[in-house]
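As a plain string of letters, each chain reads:
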Amino acid sequence: MYFANKMTIADDHSLCNNAAGGGDNGEPEEVGFEFPLFENDGFDKGEVDHKYDQMEHYRNRPLASMLENVIWSNVIILGTIHLVGLYGMCRLTSIYLQTCIFLHVLNCLCGMGLQAGAHRYYSHRSYKANTGVQIFLMLCHTMSLQNSLYQWVRDHRIHHKFSETDADPHNIKRGIFFAHCGWLLMNKHPDVVARGRQIDVSDLRSDPIVMFQRRYYAPLFLVFWGLIPAMIPVYGWGESWSNSILVCVFFRYVLVLNITWLSNSCAHHWGVRPYDIRLGATECAVRHLLMGDGFHNYHHAFPWDYSTSEFGINKVFNPVTATIDLFAWSGWAWDLKKVSASLVERKKAQEGVDLLDYSSYSGVYEWVSGVASVMAPITVVQCILLLLVK
């Protein structure tokens, strides 16, 4: 049974496995394609200026000063993508049923690539997997077009190690819009660049799958983000090219982007902190949309836990954990790290507040409501558009 492969961790670990110390170690860097929308090292990488430590600074900054650091090319690119995605959303009433189902499948695959792959496997090394699973998760991550694994993992490790400081790439103290997507529209704070050099990414550099994706990111994302999702509906069941591109590529991309960004914005702003009141991360009300990654206070308290939740899949909706469990049951994944119950209780008693009581939760209700929540963004929009058309 795969449960024998789970590793119960009874002691405190560092905030993030492979996230402390090290850096580039002076090794020459072989750089592949860097998608400019997400790679915004625009500051001078010299001495770090530490005068921007207080939230009041961001509240009181004059507009002209803030606009100096805006990357207008990113504003135009991201704004255009959202406009095209919104137009694609308006085409939801004219697509085939098969296209609608395929759209949901694409969303789930992107979620698996981001959460089971980039997040739980590559960022936190919370379990081990065979080469086939690694390639599958890498391709699903490529489909989401959120930068290479190397960049995604590097920035996420910085986020954990320096959470809610100026070294946090999407520091919630700079406002919920900045944490959601504004950080992609502005030059990085100098601390992000400087502290990023302290993050150990040697495991990524030695990973052939990560480095292959980074080197060939341009052709990979063109094929797996754009070409394949557009071609399957057209050649599979006769969907029009315009519907396929607008809905399955651009609308899907905008939807996945904003759902992913919720973990940086909403999951650091609204919700309770039952595991560590000192952390800004919360148990987020939109956790169903995040497919199990919304137990954010728990995750920041215990980032090495493969399930990112105290509770099992029989208690709460967590399809990413269920998928990893399936991999383990099949023998494709092993060494699933899990925090011991005693450590969780000790942490809650010492540092938690607003304790959650899941004893009355029904696993069946959780999964039914979770599946409905994942489908809701597309289904609700379709219903509203149909009413407007009529």
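Residues numbered from 1 in each chain as written. Predicted model: local features only at pLDDT ≥ 70, side-chain atom pairs only at ≥ 80, totals over all residues. Heavy atoms only, no water.

Moving on, we get to the overall build of the protein chain. Helices and strands together make up the secondary structure of the protein chain, namely 16 helices and four strands. Each of the 390 residues in the protein chain was classed as buried or not, and the buried ones make up 54%. Here the analysis covers contacts within the protein chain between residues at least 6 apart in sequence; of these, 79% occur between residues at least 24 apart. Element-wise, carbon and sulfur atoms account for 64% of the exposed surface of the protein chain, whose accessible area totals about 17,100 Å². (Helix = DSSP H or I, 4+ residues; strand = E, 2+ residues; numbered from the N terminus. Buried < 20%, exposed > 50% of the residue type's maximum accessible area, 1.4 Å probe, protein only. Contact = heavy atoms within 4.5 Å. Areas by Shrake-Rupley, 256 points an atom, 1.4 Å probe, with all protein chains shown as cover.)

What follows concerns empty space enclosed by the protein. Considering all chains together, one arrives at four cavities of 30 Å³ or more under this definition. Considered as a void within the structure, the largest cavity measures approximately 300 Å³ in volume. Gln146, Trp152, His170, Trp183 and Asn264 are the residues nearest the centre of the largest cavity, which is lined by 18 residues in total. Sorting the residues of the lining of the largest cavity by element identifies helix H4 (97-123), helix H6 (149-161) and helix H12 (241-261) as the ones contributing at least two each. With five residues, the top contributor of residues to the lining of the largest cavity is H6. (1 Å grid on protein atoms, 1.4 Å probe; cavity = no way out; pocket = protein on both sides within 12 Å on 5 of 7 lines; lining within 4 Å. Points joined across faces, edges and corners; volume = space filled by probe spheres on them.)

Right, let's get into the packing of helix H11 (residues 217-237) against H12. Contact geometry of H11 with H12 gives a least axis separation of 8 Å together with a crossing angle of 140°. Relative to H12, the element H11 lies oblique. Crossing angle aside, the handedness with which H11 passes H12 is right-handed. Seen from H11, the contacting residues are Trp225, Gly226, Pro229, Ala230, Met231, Pro233, Val234 and Tyr235; seen from H12, they are Trp241, Ser244, Ile245, Cys248, Val249, Phe250, Arg252 and Tyr253. Of the residues contributing to the contact of H11 with H12, the split by class is 13 nonpolar, two polar and one charged. (Axes fitted to C-alpha atoms, helices over the stretch in contact; angles between N-to-C directions. Parallel < 35°, antiparallel > 145°, perpendicular 65-115°, else oblique. Left-handed = near helix turned anticlockwise from the far one by under 90°. Nonpolar A, V, L, I, M, F, W, Y, C, P; charged D, E, K, R; others polar.)

Attention now goes to the packing of helix H5 (residues 131-144) against helix H10 (residues 208-215). Packed helices, taken two at a time, are described by the angle between their axes plus the distance between the axes. Between H5 and H10, the shortest axis-to-axis distance is 10 Å and the interhelical angle comes to 30°. Classified by the angle their axes make, H5 and H10 are roughly parallel. For the pair H5 and H10, the crossing hand works out as right-handed. Contacts between H5 and H10 involve Thr131, Gln134, Ile135, Met138, His141 and Thr142 on the former and, on the latter, Ile209, Phe212 and Gln213. Along the lines of polarity and charge, the residues of the contact of H5 with H10 split into four nonpolar, five polar and no charged.

With respect to the secondary-structure elements, Arg252 resides in helix H12. In this view, Arg252 contacts Leu103, Leu106, Asn107, Cys110, Met143, Trp225, Pro229 and Val247; residues no more than four positions away in its chain are not counted.

Another aspect to go through is H5. With 14 residues, H5 ought to run about 20 Å at 1.5 Å a step, and its terminal C-alpha atoms sit 20 Å apart, in line with that. When H5 is considered as a whole, its buried residues turn out to be Val133, Gln134, Leu137, Met138, Cys140, His141, Thr142, Met143 and Ser144. Its side-chain oxygen placed 3.3 Å from the backbone nitrogen of Gly132, Asn130 serves as the N-cap of H5. Where H5 ends, the next residue or the one after it, Leu145, has phi of about 50°, a positive value. (Expected span 1.5 Å × (residues − 1). Polar contact = N/O pair within 3.5 Å; in protein donor to acceptor, adjacent residues only side chain to side chain.)

Moving on to H12. Between the first and last C-alpha of H12 there are 29 Å, a value that for 21 residues agrees with the 30 Å anticipated at 1.5 Å per step. In the structure, H12 departs most strongly from a straight axis at Arg252, where the bend amounts to approximately 30°. Among the 21 residues of H12, 15 are classified as buried, and the element is accordingly described as predominantly covered. (Bend = angle between axes of the 7 residues up to and from the residue.)

Right, let's talk about the pattern of salt bridges for a bit. For the coordinates displayed, the defined rule picks out ten salt bridges. Lys128 is the salt-bridge partner of Asp335, the closest N and O atoms lying 3.2 Å from each other. You can see Asp335 sitting in the loop between strand S3 (333-334) and strand S4 (336-339) and its partner Lys128 sitting in strand S2 (residues 128-129), a full 207 residues away along the chain. In this structure Asp335 comes out as partly exposed when scored by relative accessible area, which is 22%. The shortest N-O distance in the salt bridge between Asp155 and Lys188 comes to 3.8 Å. (Salt bridge = Lys/Arg side-chain N within 4 Å of Asp/Glu carboxyl O.)

One pass over the full model with this rule turns up 14 aromatic pairs. Ring geometry for Phe221 against Trp225: centres 6.1 Å apart, planes inclined by 65°, an arrangement best described as edge-to-face. With Phe221 and Trp225 both in helix H11 and four residues apart, the pair spans about one turn of that helix. A single burial state applies to Phe221 and to Trp225, both of which are buried. Arranged with centres 5.0 Å apart and planes meeting at 80°, the rings of Tyr275 and Tyr298 form a pair that is edge-to-face. You can see Tyr275 sitting in the loop between H12 and helix H13 (296-301) and its partner Tyr298 sitting in helix H13, a full 23 residues away along the chain. The two residues Tyr275 and Tyr298 agree in class, both being buried. Taken together, Tyr217, Phe221, Trp225, Phe250 and Tyr253 form an aromatic cluster joined through their ring pairs. Over the ring of Phe178 we find Arg174, and its NZ or CZ is 4.1 Å from the ring centre. The cationic tip of Arg214 hangs over the ring face of Tyr150; the distance from NZ or CZ to the ring centre is 4.0 Å. (Phe/Tyr/Trp six-rings, centres within 6.5 Å; stacked < 30°, edge-to-face > 60°. Lys NZ or Arg CZ within 6 Å of the ring centre and 35° of its normal.)

Looking now at the nonpolar core. Ala116, Tyr122, Tyr127, Val210, Ile324, Ala333 and Leu336 are the most contacted members of the largest nonpolar core, which totals 38 residues. Every element with two or more residues in this core is listed here: H4, H5, H6, H10, H12 and helix H14 (319-329). With nine residues, the top contributor of residues to this core is H4. For Tyr127, the contacting residues outside a window of four places in its chain are Ala116, Arg120, Tyr121, Leu137, Tyr306, Ile324, Ala333, Trp334, Asp335 and Leu336. If you look at the next biggest cluster of nonpolar residues, it comprises 18 residues, including Leu78, Cys181, Phe221 and Trp261. (Core = buried A, V, L, I, M, F, W, Y, C linked by side-chain atoms within 4.5 Å.)

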